[in-house]
Amino acid sequence: MGKKLLIVESPAKAKTINKYLGEDFIVKSSYGHIRDLDKGDKGIDIKNRFEPKYVISDAKKKVVKELKDTAKNASEVWLATDEDREGEAISWHLCEVLGLETETTKRIVFREITKPAIQNAVLNPRRVDINLVNAQQARRILDRLVGFELSGILWRKIKGKLSAGRVQSVAVKLIVEKEREITGFESNSYFKVVALFKVKNEQDKLVDLKAELSNRLDTEKEAMDLLDALKGSDYIIDDIKVRPTKRKPAAPFTTSTLQQEASRKLYFAVNRTMSAAQKLYEAGHISYMRTDSISLSESALKSIEGEITKEFGSKYSELRRYKGKNANAQEAHEAIRPTDISRSQVGGDSDMQRLYELIWKRTIASQMSDAHLEKTTVNIKSQTNDIFQAQGEVLKFDGFLKVYIAATDEDEEEETKEILPPLSLGQKLDLDHIQAVERFTRPPARYTEASLVKKLEELGIGRPSTYAPTITKIMEKGRGYVTKESRDGVERNYQTLTLRNDEILTEKQTEITGSTSNRLYPSDLGMLVVDFLDEHFTDVMNYSFTADIEDKLDNIATGAEDWQSMLEDFYHPFHATVEKTTEEAQRVKGRRDLGVDAESGFTVLTQMTRFGPVVQIGTREEVGEDGKPRFASLKVGQSIETIDYEEAMELFKLPLEIGEYKGETVVVSAGRFGPYIKFNEKFISLPKDQDPLETSLELAIQLIEDRLKQDAPIATYKGKDVTQGKGRFGPFLKWNELFINIPRRIDPDTITQDQIFELIEAKVEKEANRFINQWPEEKIALENGRWGPFIRHKKKSYKIGKKEDGERYTAEEAKEKFTLEEIKKILKEEGIKGIK
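(A) Main features of the overall build of the protein chain. Within the protein chain one finds 22 helices and 34 strands. Its C-alpha atoms give the protein chain principal-axis dimensions of about 100 × 85 × 65 Å. Within the protein chain, the fraction of its 836 residues that count as buried is 45%. In the protein chain, once contacts between residues fewer than 6 apart in sequence are set aside, the share between residues at least 24 apart is 67%. Carbon and sulfur atoms provide 46% of the accessible area of the protein chain, an area that totals close to 44600 Å². Here the protein chain contributes 133 positive and 142 negative side-chain charges, whose respective centroids are spaced 5 Å apart.

Next up, the structure:
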């Protein structure tokens, strides 16, 4: 009799589980989903109650064949994919493809990959939960319909190759609204007044005692009047309040809080966090990492209590049973925790080790005692009855702080309170000085990845499995909606007024304000798309409506709502809006008229073009058929929403002649790929952060020399020069219009002539075998590639798929099968326009 086949979705997970099962089982991986909706509008039969049409991708045909072959020889097939909706859907698809009965096929679930958990799961199998499968199907179908139809409209009304998504577009809207809130923020100045007194500590040494005026002052005059009034004043301690306080530990991690804390403490992007967490889970080190829950199992609580008592003593242990607010948590019903709490460190790569340590500390701290503190507030009264307040804090018992301190967003100000020296009521204090410093109200902070996750969770948009993919999607370069950037601030003046020895000194100082690190910025295109969708698809872009959809998906997961009825209720009104918008909406460019060019009399405007945001002098109508508008690209940090006339006209100072070098004019200019130097028909890109209008001749000469050195021949092969350069993919050689990468084994600074010739000859031979077939007039070719034959159309490549048996085509097979007509058919299916 054959062995039992257990199928999981990951090879790493299969390897770990295999250690815990006996010889009765063979463990195989499906490598994720084995099938998905067919492409475009072919994947969903809307008229037949949204019946999905699933297809097995070419990449998965070999995997499916291996699973089928193994299943035939197995005595029984078991499914052990993850417990969330995606995992349940993978199990259901496996049943469908392998011909297994969902009512009888054994399905096991576990929240951690440990021997006891796996063995317990094997003893308690269940069946595939169709409600969870339907919730996943409903999300997938809904997102396909919304994405497909909205993207089509964006192509027509804004710009080609744009895309939109149900959750992604709402996430971009949050970022756009935040940017506009910041742009529209008016900063007001005020004065913060701090007094510094000299008092003796317990060792009879003079130490500083800082005390802040209990109220802010709105103007410099108020600050000056106060300091003037305080000349010669005495200062007496008027009140001392001492009160005990407690600090409680944070709950153990959910998916959202893990992503936020890893961002703050480890500077991980959400995708990086989830990648490391996935590896930790599959290696058996942590419980399931996609979860809404903050509760811990009773067995986990017991083992954590034992570890705390052993390491720190019983007074540090305090049993806590956390309960979350979400009654319909989508995913596994336990917080993220170590599977073996006695291990404070694990192996694996650096990311795995650092993330595990964070999870271990947070889990341990969640079951530790409160930290006990004593807070002291001292009121110091002047002769003018102004109150200065000093605050101090003493840690009486560290409790959970011995292990872990939760981080806060860097924009949340949290002043550290110092230990105060001995003070007594009625004590007279010696003033060193009082300083009034001009401060400014701050605009709200831009989102980081972590704070965006927090906001999405607060609004009920998305679920644990969707946060990371959503954020990754909106930052894709191909979309061009959101970028993660660090930007320099600008210099700002501020005033300080200092009262010392009854004299007031006024100083003007400078500071840098507005600098950011790893913040999310919307592009002009992102703003344009959000405005268009917000205007025409109010429901789709409404936060509560999007959250309501998530609630409906939760209801489907519990069997409380029919998934097809939910899709019908959403889709038909949505589709009617799509048709109306397609018919009635005007094409959008985000045009703003800024003024009139004094020289030409033409309109100065800014708008979105197919090359991106630009400022423009002259409309097509103004310049006429024989004329041509002048265009200039915006600089980093500029937006078509906020740029003004003067800033726009600055951009037209390019091209700018900045001098001569070797008898040739040196010109700084800007094009669609950014600012550059033009010298003797050579175009040399400026460094990323270099302002073209501030580029000196010295810098230009240095860049020119570097290019000339790069372009100088280093050898001659078959009568033609060989040059050497360095591009985005590393060092290379150029010969006869061929670019040849220099491999890592060869040092480009010491490359020999023999090595040069060897690399050229290898490239020539490779190029000779590159083309299987070519149609130059169509700009189409069938080429050999590293992973088999593929189609190249213009500069882009397209897959031809695999054979029915899952194997790749050979060059000979591809040449015979893929005629020009067959290739054109594939390109049309890819949505390539202009293919006849």
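There's plenty left to go through after this.
(B) Region of the structure containing the packing of helix α3 (residues 85–98) against helix α5 (residues 130–157). For the pair α3 and α5, interaxial distance at closest approach is 8 Å and the crossing angle is 105 degrees. Classified by the angle their axes make, α3 and α5 are roughly perpendicular. Contacts between α3 and α5 involve R85, E86, E88, A89 and W92 on the former and, on the latter, I130, L132, V133, A135, Q136, Q137 and R139. Of the residues belonging to the contact of α3 with α5, the class tally is 6 nonpolar, 2 polar and 4 charged.

(C) Structural detail: empty space enclosed by the protein. All chains considered together, the criterion is met by 1 cavity of 30 Å³ or more. There is about 70 Å³ of room inside the largest cavity. Lining the largest cavity, in full, are S163, A164, G165, Q168, S169, V172, I474, R479, Y481, V529, V530 and L533.

(D) Spatial organisation of unusual backbone geometry. In this structure, P655 follows L654 across a cis peptide bond, with omega equal to 0 degrees. Checked against the element boundaries, P655 lands in the loop between α18 (645–651) and β23 (656–661). The backbone phi angle of R49 is positive, close to 55 degrees, even though this residue is not glycine. On the secondary structure map, R49 appears in the loop between β4 (44–45) and β5 (51–52). Residue R49 is classed as partly exposed on the basis of its relative accessible area of 33%. Positive phi is not limited to glycine here, since F50 has a value of about 65 degrees.

(E) Layout of the sheet that holds β23. As summarised here, the arrangement of the 4 strands in space is β23-β24-β25-β26, forming an open sheet in which the pairing is antiparallel. Looking along the sheet, the strands with just one partner apiece sit at the ends: β23 and β26 (682–685). The mean inter-strand angle of the sheet, taken between neighbouring strand axes irrespective of direction, is 30 degrees. Note: β23 against strand β24 (residues 664–671), 5 bridges, orientation antiparallel. Pairing of G659 across the sheet is with V666, part of β24.

(F) Molecular detail of helix α22 (residues 820–829). Those residues of α22 that fall on the buried side of the exposure criterion are L820, I823, K824, I826 and L827. The buried residues of α22 all sit within an arc of 160 degrees when viewed along its axis, so they share a single face. The exposed residues of α22 that point more than 90 degrees off its buried face are E821 and E829. Against β31 (771–775), β32 (780–783), β33 (790–793) and β34 (796–799) lie the buried residues of α22. Where α22 ends, the next residue or the one after it, G831, has phi of about 85 degrees, a positive value.

(G) Representation of a positive patch on the surface. On the surface, K161, K779, K794 and K796 cluster together into a positively charged patch. Here K779 shows up in the loop between β31 and β32.

(H) Molecular detail of the nonpolar core. Grouped together as the largest cluster of nonpolar side chains are 134 residues, with contacts concentrated most on F110 and L355. Ranked by residues supplied to this core, first place goes to α5 with 11 residues. Not counting residues up to four positions away in its chain, the partners in contact with F110 are K13, I17, A80, E83, A117, I118, A121 and Y281. Core analysis: the second largest hydrophobic core is formed by 24 residues, V378, I380, A390 and I434 among them.

(I) Spotlight on the pairing of strand β7 (residues 76–79). Bridging between strand β1 (residues 4–8) and β7 involves 4 bridges; their strand directions are parallel. Paired with K4 across the two strands is E76, which belongs to β7. Where β7 and strand β8 (residues 106–107) come together, 2 bridges link them in parallel fashion. Paired with W78 across the bridge in β8 is K106. Handedness of the crossover joining β7 and β8 through α3 is recorded here as right-handed.

(J) Examining the packing of aromatic side chains more closely. By the definition in use, this model includes 18 aromatic pairs. Between the aromatic rings of F537 and F574, the centroid separation amounts to 5.9 Å while the plane-to-plane angle is 50 degrees, which identifies the pairing as tilted. Within this pair, whereas F537 is found in the loop between α14 (524–536) and α15 (543–557), its partner F574 is found in helix α16 (residues 563–584), the two being separated by 37 residues in sequence. Judged by its relative accessible area of 3%, F537 falls in the buried class. Among the aromatic residues, those joined into a ring-pair cluster are F50, F537, F545, F570, Y571 and F574. Lying across the ring of Y447, K178 places its NZ or CZ 4.9 Å from the centre.

(K) Seen up close, the environment of E282. Looking at the secondary structure, you find E282 in helix α9 (residues 270–282). Once the C-alpha coordinates of E282 and Y809 are considered, the two residues, 527 residues apart in sequence, prove to be 34 Å apart. Ignoring anything within four residues of it in the chain, the contact list for E282 reads S10, A12, K13, T16 and I113. Within polar-contact distance, the side chain of E282 engages the side chain of S10 at 2.8 Å.

(L) Layout of the sheet that holds β33. With respect to topology, 4 strands assemble into an open sheet ordered β31-β32-β33-β34, the strand pairing being antiparallel. Only two strands of the sheet have a single neighbouring strand rather than two, namely β31 and β34. Between one strand axis and the next, the sheet turns through 20 degrees on average, direction left out of account. Here β31 runs beside β32; their pairing, made up of 4 bridges, is antiparallel. The partner of W775 across the bridge, within β32, is I780.

(M) Region of interest: the pattern of salt bridges. Scanning all chains against the criterion turns up 63 salt bridges. R446 is paired through a salt bridge with E179; the nearest N and O atoms lie 2.8 Å apart. Within this pair, whereas R446 is found in the loop between β14 (428–440) and α12 (449–459), its partner E179 is found in helix α6 (residues 166–183), the two being separated by 267 residues in sequence. As far as the burial class goes, R446 and E179 line up, both buried. Linked by salt bridges that have partners in common, E9, K13, D82, D84 and R290 make up one network.

Rules used throughout
Residues numbered from 1 in each chain as written. Predicted model: local features only at pLDDT ≥ 70, side-chain atom pairs only at ≥ 80, totals over all residues. Heavy atoms only, no water. Helix = DSSP H or I, 4+ residues; strand = E, 2+ residues; numbered from the N terminus. Buried < 20%, exposed > 50% of the residue type's maximum accessible area, 1.4 Å probe, protein only. Contact = heavy atoms within 4.5 Å. Areas by Shrake-Rupley, 256 points an atom, 1.4 Å probe, with all protein chains shown as cover. Lys, Arg positive; Asp, Glu negative; His and termini not counted. Charge placed at Lys NZ, Arg CZ, Asp CG, Glu CD. Axes fitted to C-alpha atoms, helices over the stretch in contact; angles between N-to-C directions. Parallel < 35°, antiparallel > 145°, perpendicular 65-115°, else oblique. Nonpolar A, V, L, I, M, F, W, Y, C, P; charged D, E, K, R; others polar. 1 Å grid on protein atoms, 1.4 Å probe; cavity = no way out; pocket = protein on both sides within 12 Å on 5 of 7 lines; lining within 4 Å. Points joined across faces, edges and corners; volume = space filled by probe spheres on them. Pairing = 2+ DSSP bridges. Arc of directions from axis to C-beta. Patch = residues over 30% accessible without salt bridge, like charges linked within 9 Å, V, L, I, M, F, W, Y side chains within 5 Å. Salt bridge = Lys/Arg side-chain N within 4 Å of Asp/Glu carboxyl O. Core = buried A, V, L, I, M, F, W, Y, C linked by side-chain atoms within 4.5 Å. Right-handed = clockwise from strand over helix to strand, strands pointing away. Phe/Tyr/Trp six-rings, centres within 6.5 Å; stacked < 30°, edge-to-face > 60°. Lys NZ or Arg CZ within 6 Å of the ring centre and 35° of its normal. Polar contact = N/O pair within 3.5 Å; in protein donor to acceptor, adjacent residues only side chain to side chain.

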